[in-house]
Amino acid sequence: MHATRGQGTSAAPTLGQRTESVTFRRSKRQGLARSVAERYTREDIPCGLHGCSVCTLNAELQRKGVPQLSGRISQVLVPDASVVSRFIGLLEQADGLKNMVFCQTIVEALDRRNRTRTIRNVRRIANDPTRSSVVFANEVFAQTRASEGGEKQLPSAERDMRAVLRAARWYRFHLDALARQQVQVVLLTLKVCVLVFFQRVCGLLSAMASDLLPHLGRLPPNFADAHAIDYSVVDGTGSQEGVEVWQLADFIETFHPSLLEHFRSVESATRDGDMDITAQSPEEYAQGRLRAKAQGSYAAYYSPGDIEAGLRSGTLVRGKIRLHPVSSFRPETQGVVERGGDVPDIIITGRAALNRACIGDIVVVKLLAEMKGPQADAMEGADAESEEDEDEVRVVEQTDAGEETPLETATRSVTGVVVGVAERRWRPYVATLQIDEAGGMQHLAVPVDASVPKIRIHYMDVSAINDRYFVVAIDGWTADSVYPQGHFVRALGPVGSLDAEIDTILVERQIAVSQAALGFSEASMREMPIDTSGRQWRPSAEEISSRRDLRSTLIFSIDPIGSQDIDDAVSMRRTKDGYELGVHIADVTQFIAPGSATDSEALARGTTVYLADRRFNMIPEVLSERVCSLRGGRDRYAVSVVWKLDEEYHIKDVWFGRSVICSACEMSYEQAQALLDGKVGVEGLESTKEDALRTGVVELTRAMRVLRERRRAAGALELASTEVKFGFESGTQRISELAPKRSLEIHRVIEEAMVFANTAVARRVHQTLPSAALLRRHRSPTAERFERLAQAVRTRGFEIDSSSNAALAASLQTIAQASADKEPQLEFLAKAMATLAMQEAEYFATGDCASSAEFVHYGLAQEYYTHFTSPIRRYADIIVHRQLLAALENPADAGAEEMSLSRQWVSKAAGQLNERSRQSKLAQREATELFQSRYVAQKTADGQSLVADGVVAEVRTNGLIVYVPRFGLRGPVRLRDTAGQIRLPLSALTGSARDIDRFVDGCSDFAAETSSLSMRLPMNAPVFHLGSPVLRFAVFDRVKVALRVLETRRRRAPVFLTLVSRGAVGAAEAKAYRSTLAPLDRTLRVSAAGRQKVENSKDSSSARSDDATVLRPSQSDTADPANRERDFYAVLDKFRAMSILETKCDVQKL
């Protein structure tokens, strides 16, 4: 509420009457608060017109460079509150309207509605000298201020209209006094029925209505009749000529037609909104805000004191939240706060309960109730997500196979609600644009990470970022806003372009703001050694003399083809009493001083990021590919571990230290495997060195086989890898090859040698630095994590014992031996499922553990383990090198070295490196999926189906997850839509890829269990070739699928799969299918969409391969619908008896 009372005049010559504006505001902390603002009327408010000699302050404003109205003008434009509040975007156009007068009345009205952004835009226009516009303080100008009579009690919109009109009339008088009668004063409004306002209070406003009537200009002739205005109340007194009232649309069309399209766009975008502040009274606005707050606002966060008390009492819990986005089976976003150990996780369901928490935030949660089993229902009172667009719905429909089926032994959980955010973990997000309305300025940015909420941004030129990736940042999230508020940061590139997709991955994984930003700083490059073609780097004689010289020892490296950053080499030779085994690692610390610019950048990066077609180095290339890289025939510094072994490969002695080596050969895995296999004349190897290299490789392999078996006996696990390799056409981005990486024995040999070295270094470092050693551990998983694997292999007659790593390794070995011949993929998938059940390995500082029992690496079956063998690509290895060298000798510069020897610093670095390692792995996985998607898109660009054999990897509530070994990818096979309708492709019965978009109607009894999924086929479906009317899929079943890419404007195009047939259908079996099941095309009732698609298909598509042959009706059937109907029932009768018999047989079997 407002109250105003007059006061005496001031002694100042330019000050007049003083008024007080008393405002009452409700505050959560103070309740009802009274605010008093004083205001003095003045006589010297300038008009702002350039060259005006009447207004004494104009000259001073001009001298200060304050923008003014142009002295050569034909119009002065006075927009009212409706125009400014709704069309500020139009008024901001640099080539648009000029010479505008913004009244103080309007600025105050905007402030009452919290439209601070619009106020800033008004001030920006007024401060722009090219716009020749001013803000006129009409509320404190004695000649234009509101009277002390009844006008103060008018409704605010009518009072504001009178104030703006009074200001416009004053400008008319003022221009007349300056002999500028030719200048028009135009009042711009959206309210064509402005007189209706006055008619409602005609007793008070009759004089004002009289003033308006002569100036309405372009209002319709029948306007008075249409709005039933009683002109008898207008007596014509006080008429002032010169002010013209124009509708904004008519004014734009008449004087600025170039802006008409923009006007219409803004008008359309704001038609249904609340941009026009005059559309509601303050009371209506406040009531609407209260209703919106009650319906869609979030609860206020607890105070810090309440949070601290709740944490102490145990009613509140603090933790990091991760989010699961909305999906077909999860109607609302769901959050999980993991607490570890035997304490149940906290499930938070729904937007209201999440209370503005974002993924990764440290939240404070109020505990509610404990429950058992999966939580798919929303909590009471939670609001469902909204504002989905067609693109998102289509992605969910095609690629969402549902959630994991519930286990019989479901884990416990408790529900909760977020009552506070202790720490925001907002980061830059990559998003695409969801345009609310064409031409509008307020839009939703849709993050590519579906677990991040949409972000409301303000952006003018949407055409510049539509269908493009851009980076957006969150500025805040108020309790009365459905979405967080943010701002546009920068554009990345078109959705679908390779570089934009790579940049998106880098930003999302917080690796870099772009590929271009991954270069090294000038400070780092100044620290690099010189190594050019004219001046190659060579080890110094002084440094060689301080190292163990191993250049005469046969040392070789084995790496992938084309490797440039070679950071490890090995040696193996017989001695008089056994063997000498050496692992030699590039001495990166020789060139990177602790605390240097290069060291800081390497720590920030944490690891080299390897993608399919590129890599982003952790250290500059002059080190990673030249000076430090253990290239063949080059003298290089190394840190070596050399063992003396007896005839049984037991350790007799071990030496650690700095060395200088000269690798005899840099071999590829394929070349080394060829030597191991006994091949003579291996391509790419010097014949003079081949025999010596073969001896070294064979002796190394024999030793590593023994060491590997010892680890396996101790419980080491051999888990599956889904790595794939890509081949690219020279000079293009086209993918020529996609296949899983071959697993060679030599891979395991080198892996074992590196494990042997890492274990030895871990023990040595821990001896000297018991509380600050940087080690790596792999925690033991809980038995519950293996329950899904156990239930899956049980369907094949196997059991999983996960009581220890040794027991689990024995179970997996049993499966591998039994399935090697009949089901080779069973071994792979069982190991893959075991891998998913485990926790991630992590770096840690030994001082952070209560005992050495917490050091154990579960997967490798080692009591001590670390990373030492890859300092070129992992910063953790650099730390370990420094710690090892510090353990062997007193550092020359103890102050510099203390950093890597401090428990606090190592503990902090370990946490940072764990996060960098995790993000790098996720980036590699996402890049692999990107290139897999591009490969599938290439292969299906001409409409041809890409069909491949697959294996059911998981059963979901709406379908299957299928692994396709040929391409090393996993994808969803959806069999039920969001409405719960079964969508079984006709191809599942015909075995033809041409039927993947036609669906069998009438399927029923859809049941998804832990390891199997089943449905009953309709009675009219001939099922003799299937063996049962119940179609059943189980984990490890072989299937044939068609791979396709779903084009989307939102995110990277995902690969999705469609079921072609159950089992791997060979050529002969496929031919039998087609000959036996040709009538199916007429007997099965297929969906209307699929039928229409087939009817519209071109005849030319018949020239497909056997795998893509369509089963079409005969020409006679197509020509005569009556014949087609007769054939339908004739064939149906033939199959009905068989279906009944099969059903009876199936029941008898049960």
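Everything numeric here is computed off the predicted structure, so don't read it as measured data.

Student: Tell me about the confidence of the model for the protein chain, and please be specific about residues and values.
Tutor: Residue-level pLDDT values for the protein chain average 80, and 77% of them are 70 or greater. Counting interchain partners and residues more than four positions distant, the pLDDT-below-50 stretch residues 27–32 has six contacts. Note that pLDDT drops below 50 for residues 372–388; the model gives that stretch 45 contacts with residues more than four away or on any other chain.

Student: A description of the pairing of strand 15 (residues 442–447) should follow, citing residues and the corresponding values.
Tutor: Two faces make up the sheet, and in a regular strand the side chains alternate between them. With five of six residues buried, strand 15 is to be regarded as a mostly interior element. Bridge count for strand 14 (residues 429–434) against strand 15 is four bridges, and the pairing is antiparallel. Paired with Gln434 across the strands is Leu444, a residue of strand 15. Sheet topology places strand 15 next to strand 16 (residues 455–458); four bridges connect them, and they run antiparallel. Residue pairing across strands places His443 opposite Ile457, the latter belonging to strand 16.

Student: Describe the pattern of salt bridges, and please don't skip the residues or the numbers.
Tutor: A complete count under the given rule lists 58 salt bridges for this structure. The partner of Glu926 in a salt bridge is Arg509, with the nearest N and O atoms 2.6 Å apart. Highlighted residues: Glu926 in helix 29 (residues 903–939) and Arg509 in the loop between helix 16 (498–508) and helix 17 (522–526), separated in sequence by 417 residues. Here Glu926 matches Arg509 in class, with each residue buried. Residue Glu718 pairs with Arg708 through a salt bridge whose shortest N-O separation is 3.4 Å. Within this pair, whereas Glu718 is found in the loop between helix 22 (687–713) and strand 28 (724–728), its partner Arg708 is found in helix 22, the two being separated by 10 residues in sequence. Look at Arg708 and you get buried, because its relative accessible area is 13%. Each of Arg708, Glu709, Arg711, Arg712, Glu718, Glu751 and Glu752 takes part in salt bridges that share partners, so that together they form one network.

Student: Kindly report on the sheet that holds strand 7 (residues 184–189), identifying the contributing residues and their values.
Tutor: Reading across from one edge, 4-7-8 is the order of the three strands in this open sheet, with parallel pairing throughout. Edge positions in the sheet fall to strand 4 (75–79) and strand 8 (243–247), since each of these pairs with one other strand and no more. Along the sheet, successive strands turn relative to each other by an average axial angle of 30°, direction set aside. The pairing of strand 7 with strand 8 spans five bridges and is classified as parallel. Bridge pairing in strand 8 places Thr189 opposite Gln247. Of the strands in this sheet, strand 4, strand 7 and strand 8 are in contact with helix 10 (residues 248–255), which crosses strand 8 at around 95°.

Student: So what's going on with the nonpolar core? Residues and values would help.
Tutor: Membership of the largest hydrophobic core comes to 87 residues, with the highest contact counts inside it found for Leu623, Trp643, Met667, Leu700, Phe868 and Tyr875. Residue contributions to this core peak at 11 residues, all from helix 23 (residues 745–768). The next biggest cluster of nonpolar side chains, apart from the first, holds 79 residues, and it includes Leu969, Leu986, Leu1043 and Val1045.

Student: Hey, could you go over the sheet that holds strand 37 (residues 1004–1008) for me, with residue numbers and the actual values?
Tutor: Strand order in the open sheet made by the three strands is 37-38-39, with antiparallel pairing throughout. This sheet does not close on itself; its edge strands, each paired only once, are strand 37 and strand 39 (1030–1034). Neighbour to neighbour, the strand axes of the sheet diverge by 5° on average, direction disregarded. Of the pairings in the sheet, the one linking strand 38 (residues 1012–1016) to strand 39 comprises five bridges and is antiparallel in character. Looking at the pairing, Met1015 lines up with Leu1031 of strand 39.

Student: Could you give an account of the packing of helix 24 (residues 787–794) against helix 26 (residues 824–837), naming the residues involved and the relevant values?
Tutor: Axis angle and axis distance: for two packed helices, these are the angle between their axes and the distance between the axes, and together they describe the pair. It is the contact of helix 24 with helix 26, at a shortest axis distance of 9 Å, that shows an interaxial angle of 165°. As judged from the angle between their axes, helix 24 and helix 26 are roughly antiparallel. With respect to the hand of their crossing, helix 24 and helix 26 are arranged in right-handed fashion. On helix 26, the residues touching Arg788, Leu789, Ala792 and Val793 of helix 24 are Ala830, Met833 and Ala834. Here the contact of helix 24 with helix 26 is composed, by residue class, of six nonpolar, no polar and one charged.

Student: Now, about the packing of aromatic side chains: what can you tell me, with residues and values included?
Tutor: The final tally for this structure, using the stated rule, is 24 aromatic pairs. Aromatic side chains Phe136 and Tyr171 sit 5.1 Å apart centroid to centroid with 70° between the ring planes, which places their arrangement in the edge-to-face category. Here the residue Phe136 occupies a position in strand 6 (residues 134–136), and Tyr171 occupies one in helix 6 (residues 156–177), the gap between them amounting to 35 residues. Its relative accessible area of 1% is what places Phe136 among the buried residues. These aromatic residues form a ring-pair network of at least three members: Phe136, Phe141, Trp170 and Tyr171. Lying across the ring of Tyr301, Arg356 places its NZ or CZ 4.1 Å from the centre. Over the ring of Tyr843 we find Arg776, and its NZ or CZ is 4.5 Å from the ring centre.

Student: Talk me through the pairing of strand 14; I want residue IDs and the actual numbers.
Tutor: The buried fraction of strand 14 amounts to six of the six residues, a majority that puts the element mostly inside the structure. Of the two faces of strand 14, the one holding Tyr429, Ala431 and Leu433 and the one holding Val430, Thr432 and Gln434 are both buried throughout. In this structure, strand 14 lies alongside strand 17 (residues 468–476), joined through three bridges in antiparallel fashion. Along strand 17, the bridge assignment pairs Tyr429 with Val472.

The rules behind these values
- Residues numbered from 1 in each chain as written.
- Predicted model: local features only at pLDDT ≥ 70, side-chain atom pairs only at ≥ 80, totals over all residues.
- Heavy atoms only, no water.
- pLDDT = per-residue confidence, 0-100.
- Contact = heavy atoms within 4.5 Å.
- Buried < 20%, exposed > 50% of the residue type's maximum accessible area, 1.4 Å probe, protein only.
- Helix = DSSP H or I, 4+ residues; strand = E, 2+ residues; numbered from the N terminus.
- Pairing = 2+ DSSP bridges.
- Salt bridge = Lys/Arg side-chain N within 4 Å of Asp/Glu carboxyl O.
- Axes fitted to C-alpha atoms, helices over the stretch in contact; angles between N-to-C directions.
- Core = buried A, V, L, I, M, F, W, Y, C linked by side-chain atoms within 4.5 Å.
- Parallel < 35°, antiparallel > 145°, perpendicular 65-115°, else oblique.
- Left-handed = near helix turned anticlockwise from the far one by under 90°.
- Nonpolar A, V, L, I, M, F, W, Y, C, P; charged D, E, K, R; others polar.
- Phe/Tyr/Trp six-rings, centres within 6.5 Å; stacked < 30°, edge-to-face > 60°.
- Lys NZ or Arg CZ within 6 Å of the ring centre and 35° of its normal.

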